[in-house]
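Below, each chain spelled out in residue letters.
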2 protein chains.
Amino acid sequence: VSPPRAEPERGSAAAGLGEFGRIERFLRPLAARFPGALDLTDDAAVIAVPAGQELVMTTDAMVAGVHFLANDPPGDIAAKLLRVNLSDLAAKAADPLAYMLSMALPAALGDDWLEAFAAGLAADQERYGITLVGGDSVATPGPVALSVTALGLVPRGRAVLRRTARPDDRVFVTGTIGDAALGLDVVLGRLEVGDQAARQALVERLRRPEPRTALIPLLRRSAAAAIDVSDGLVADLGHIGETSGCAAVLHAAGVPLSAAARSTLAAHPELLNRVLTGGDDYEIVFTAPAEEAAQLRDEGARLGVPVSEIGHLCEGPAGAVRVEDAAGREMKLVGRGWTHF
Amino acid sequence: VSPPRAEPERGSAAAGLGEFGRIERFLRPLAARFPGALDLTDDAAVIAVPAGQELVMTTDAMVAGVHFLANDPPGDIAAKLLRVNLSDLAAKAADPLAYMLSMALPAALGDDWLEAFAAGLAADQERYGITLVGGDSVATPGPVALSVTALGLVPRGRAVLRRTARPDDRVFVTGTIGDAALGLDVVLGRLEVGDQAARQALVERLRRPEPRTALIPLLRRSAAAAIDVSDGLVADLGHIGETSGCAAVLHAAGVPLSAAARSTLAAHPELLNRVLTGGDDYEIVFTAPAEEAAQLRDEGARLGVPVSEIGHLCEGPAGAVRVEDAAGREMKLVGRGWTHF
């Protein structure tokens, strides 16, 4: 019944080239490198897992009007859809392997949309080493609804989970935090950023998150627990604590900021709240023993992805996160900003 | 970012219990038996594949107003969603293992809908031995859109594909054909079936297809090629021929019919077309050497699922299907029925 179907079906989104033509033309080439994808001409894909490895599997869905705008460039939509899944694989220290694509498409959507969408997938397949192996395509009277189930490989028992942090771990984060949330504020007209380069940098981070696949070996070696930052830094650090049975302290002043976020915060200090809780960062927050700190920082720098120490775990109510200022005073969220307790 | 999320997110369908409460209450119990599902509290699931086995993976999507009606019983929707995926696994001779669930839900959908939907999943998890291991749940301004990616296990190299039929194979089919298509005609008011039991039997086959997981060992041992019948018997047999590079002959009189379909066809002989091409049967059409025929029939009978020989493959244009009557004359589709050539 399955792979992006090689034949029209009841309820297929069969405009223009028709379902068969679209799959043949735009999607089949994406599966060419993976023999188990069977050229998308079978009911299913066959996935061999090398001895000593296991699979990490994640699903993320996106709907037009909720997670993206219907008239966003299809290549941007494709990139975000794949990258949010790749970010989950990276956070678990799993090497990208393959993905299934499920699409509910309005009949009015033209072939050109799917062509541009597939081109976006193709570019990221090259960039991140992942391959389409199957899926389904159906018609919908509603908005475009997309779902990807991505598979990664990890040596058996070496996936990095949320629940395995220890109360004396340090907390680290990759890259910079807050850009995507500020970028969303810019896109929604809630934030004016005078400098054009800064504005573009923030919006680009919203549209094209960068899954930290480059850090997979580092995480596999050093991380006790990890999660990717989608809900917001404070909430996602809280998820680690929640599942690991400990509390966390976050040093607000240690949170790494891009030049664009730094200049924006200088003009609007109350936006620290957005930075720490806005989400959509697709950076990785992880914990590791204190003695790893120097090596993590050095290796991140070598790989071109800053790794910053931003706090520590401790005994305490599971999932509680205490945010501290540079002087170690607790900061409390008040209105749209933080204040001292 | 992923498993049916254990926390509210931007764009979550957070009515009633809220996203967290719904997942905790209705979905987490479905994942309890599978340690790698991590209680749906992590970004991803971890799937170990036993030595000597490989995975078969399939995706099917369904949208309200296209594949089901918005007010259909949620348990029926759940059953159909899982079963169309299980049917793909069965056709590939893969034992059901686990599935990911992706849901786009309107905000207005109540907790009671998800509760009944989850109860439908739970019943079929028991029945078919498959377990929820993750997924995603997002809000949509449109209709309910659902997608399942199902995983099965098969000994390495033993998945039964479409492309591996041989031109001298016989063609077999499981169960009975045409019930779901006639059931759809009944539901849509296009067909009157006087006998109430017959009417119910046809509609039940539409609503609750029966994936032929019981025949997995038989298929693994005997089938050269297989596909599940979703597009229609003629089209799906054509897909085997298309990918295997041969033609097929289908004996219309040999196609197995239920008592309900038989009595309906007696009253409306022109509906033979619907039976042979209507689809949604979720039976398995497969090919095997002629010498297997007797054993296949016997073993099917023993397992309570008829296995009927309905034709053979031959040299000829890839994918061509010649439909013959009992006297071996070619039948041609004319209007809504078949006629002799």
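Residues numbered from 1 in each chain as written. Chains lettered and ligands numbered in written order. Predicted model: local features only at pLDDT ≥ 70, side-chain atom pairs only at ≥ 80, totals over all residues. Heavy atoms only, no water.

**Comments concerning the relation of the copies chain A and chain B**
The condition is simple: Fitting of the copies onto one another was done by least squares over C-alpha atoms, counting residues only where both copies have pLDDT of at least 70. The criterion used for residue contact is that any of the two residues' heavy atoms lie within 4.5 Å.
When chain A is fitted to chain B, the residual RMSD is 0.0 Å, and the transformation amounts to a turn of 180 degrees plus an axial shift of 0.0 Å. The operation mapping one copy onto its partner corresponds to a two-fold rotation axis. Taking C-alpha positions as the reference, the residue of chain A nearest the rotation axis is Gly142(A), at 2.3 Å. Interface residue correspondence from chain A to chain B reaches 100%, placing this contact among same-surface, isologous pairings.

**Some thoughts on the packing of aromatic side chains**
Residue and element names in this part refer to chain A. For the record, the criterion: Pairing of aromatic side chains requires ring centres within 6.5 Å, counting the rings of Phe and Tyr and the six-membered ring of Trp. Pairs whose planes differ by under 30 degrees are stacked, by over 60 edge-to-face, and all others tilted. Secondary structure elements are taken from DSSP: a helix is a run of H or I of four residues or more, a strand is a run of E of two residues or more, and numbering for both begins at the N terminus.
Using the criterion set out here, one finds 4 aromatic pairs over all chains in the structure. For the ring pair Trp113 and Phe117, a centre distance of 5.0 Å and an interplane angle of 15 degrees mean the geometry is stacked. One end of the pair is Trp113 and the other is Phe117, both in helix H3 (residues 111-128) and 4 residues apart, which spans about a single turn. Plain terms: the ring middles of Phe172 and Phe286 are 5.5 Å apart, the flat faces sit at 20 degrees to each other, and that makes the pair stacked. Of this pair, Phe172 sits in strand S6 (residues 170-174) while Phe286 sits in strand S9 (residues 284-288), and the two are 114 residues apart along the sequence.

**Side note on helix H1 (residues 18-27) of chain B**
All names here are of chain B. Worth spelling out the cut-off: Only protein chains enter the accessibility calculation, which uses a 1.4 Å probe; a residue is then buried when its area is under 20% of its type maximum, exposed when over 50%, and partly exposed in between.
Counting buried positions along H1 yields 7 of 10 residues, so the element is predominantly enclosed. Among all positions of H1, only Gly18, Glu19, Gly21, Arg22, Ile23, Phe26 and Leu27 are buried. Each element contacted by the buried residues of H1 is listed here: strand S3 (95-105), helix H3 (111-128) and strand S4 (131-139).

**Quick look at the sheet that holds strand S2 (residues 53-63) of chain B**
Applicable threshold: Here, strands pair whenever DSSP counts at least two bridges between them. Whenever a helix is involved, its axis is fitted only over the stretch in contact; in every case the axis is a line through C-alpha atoms, and angles between N-to-C directions fall within 0 to 180 degrees.
On the basis of which strands lie adjacent, the open sheet formed by 5 strands has the order S1(A)-S2(B)-S5(B)-S3(B)-S4(B) and mixed pairing. Two strands bound the open sheet, and with one partner strand each, they are strand S1 (45-47) of chain A together with S4 of chain B. In this sheet, neighbouring strand axes are inclined to one another by 20 degrees on average, regardless of whether the strands run parallel or antiparallel. With 3 bridges joining them, S1(A) and S2(B) adopt antiparallel strand pairing. Along S2(B), the bridge assignment pairs Ile47(A) with Leu55(B).

**What to know about the environment of Ala32(B)**
Residues and elements named next belong to chain B. Here Ala32 lies in the loop between H1 and strand S1 (45-47). Judged by its relative accessible area of 57%, Ala32 is exposed. On a C-alpha basis, the gap between Ala32 and Ala290 in space is 45 Å, while along the polypeptide they are 258 residues apart.

**Considerations on the interface of chain A and chain B**
Cut-off, in case you're wondering: Accessible-area loss on putting two parts together, using a 1.4 Å probe and summing over both, is the definition of buried area adopted here. Whenever a carboxyl oxygen of Asp or Glu lies within 4 Å of a side-chain nitrogen of Lys or Arg, that contact is scored as a salt bridge. Two N or O atoms count as a polar contact when they lie within 3.5 Å, although within protein this holds only if one can serve as hydrogen donor and the other as acceptor, and sequence-adjacent residues are included solely when both atoms are side-chain atoms. Note on residue classes: Ala, Val, Leu, Ile, Met, Phe, Trp, Tyr, Cys and Pro are nonpolar, Asp, Glu, Lys and Arg are charged, and everything else, Gly too, is polar.
Contacts between the two partners involve 67 residues from chain A and, on the opposite side, 67 residues from chain B. Taken together, both faces of the contact between chain A and chain B bury some 5300 Å²; the carbon and sulfur share is 54%. At the junction of chain A with chain B, the criterion picks out 10 salt bridges. The interface formed by chain A and chain B includes 28 residue pairs in polar contact (both at pLDDT 80 or more). Elements with a minimum of two residues in the side of chain A that touches chain B: S1, strand S2 (53-63), helix H2 (74-91), strand S3 (95-105), strand S4 (131-139), strand S5 (145-155), strand S7 (225-228) and helix H7 (233-244) of chain A. A breakdown of the residues in the side of chain A that touches chain B according to their chemical character gives 32 nonpolar, 17 polar and 18 charged.

**Side note on the sheet that holds S5(A)**
Here we have 5 strands laid out as an open sheet, ordered S4(A)-S3(A)-S5(A)-S2(A)-S1(B), and mixed in their pairing. Unpaired on one side and paired on the other, S4 of chain A together with S1 of chain B mark the two borders of the sheet. The mean angle between the axes of side-by-side strands here comes to 20 degrees, regardless of whether they run parallel or antiparallel. Along the sheet face, H2(A) touches S2, S3 and S5 of chain A and points at about 145 degrees away from the line of S2(A).

**Quick word on unusual backbone geometry**
All names here are of chain A. Here Leu40, not a glycine, exhibits a phi torsion of approximately 60 degrees, which is positive. Take Leu40: it is sitting in the loop between helix H1 (18-27) and S1. One non-glycine residue with positive phi stands out, namely Ala93, at about 65 degrees. Assignment of secondary structure puts Ala93 in the loop between H2 and S3. Given the relative accessible area of 0%, Ala93 is considered buried.

**A short note on the nonpolar core**
Definition in use: Throughout, nonpolar core names a set of buried Ala, Val, Leu, Ile, Met, Phe, Trp, Tyr and Cys residues whose side chains join them through atoms within 4.5 Å.
Of all hydrophobic cores here, the largest spans 106 residues; its most connected members are Tyr99(A), Phe117(A), Tyr99(B) and Phe117(B). Other than its neighbours up to four places away in sequence, Tyr99(A) contacts Leu30(A), Leu82(A), Leu121(A), Gln125(A), Ile130(A), Thr131(A), Leu132(A), Val133(A), Gly134(A), Val148(A), Thr149(A) and Ala150(A).

**Observations concerning helix H7 (residues 233-244) of chain B**
Since one α-helical turn is 3.6 residues long, residues separated by three or four positions face the same way. All names here are of chain B. Let me state the cut-off plainly: Multiplying 1.5 Å by the residue count of a helix minus one yields the expected span of that helix.
Taking 1.5 Å of rise per residue, 12 residues should cover 16 Å, and H7 covers 17 Å from first to last C-alpha, within 8% of that figure. Within H7, 9 of the 12 residues are buried, which leaves the element mostly enclosed by the surrounding structure. Buried within H7 we find Leu233, Val234, Asp236, Leu237, Gly238, His239, Ile240, Gly241 and Ser244. Just beyond H7, the residue with positive phi is Gly245, at close to 75 degrees.

**What about the pattern of salt bridges?**
As enumerated under the stated definition, the model contains 54 salt bridges over all chains in all. Here Arg163(B) makes a salt bridge to Asp39(A), at a shortest N to O gap of 3.4 Å. Remark: Asp39(A) occurs in the loop between H1 and S1 and Arg163(B) occurs in the loop between strand S5 (145-155) and strand S6 (170-174); the pair is interchain, linking two chains. Given a relative accessible area of 32%, Arg163(B) falls into the partly exposed group. When the shortest N-O distance is used, the salt bridge between Arg329(B) and Asp325(B) registers 2.9 Å. Given the relative accessible area of 9%, Asp325(B) is considered buried. A single salt-bridge network, built from bridges that share partners, covers Arg127(A), Asp179(A), Arg205(A), Glu210(A), Arg212(A) and Glu283(A).

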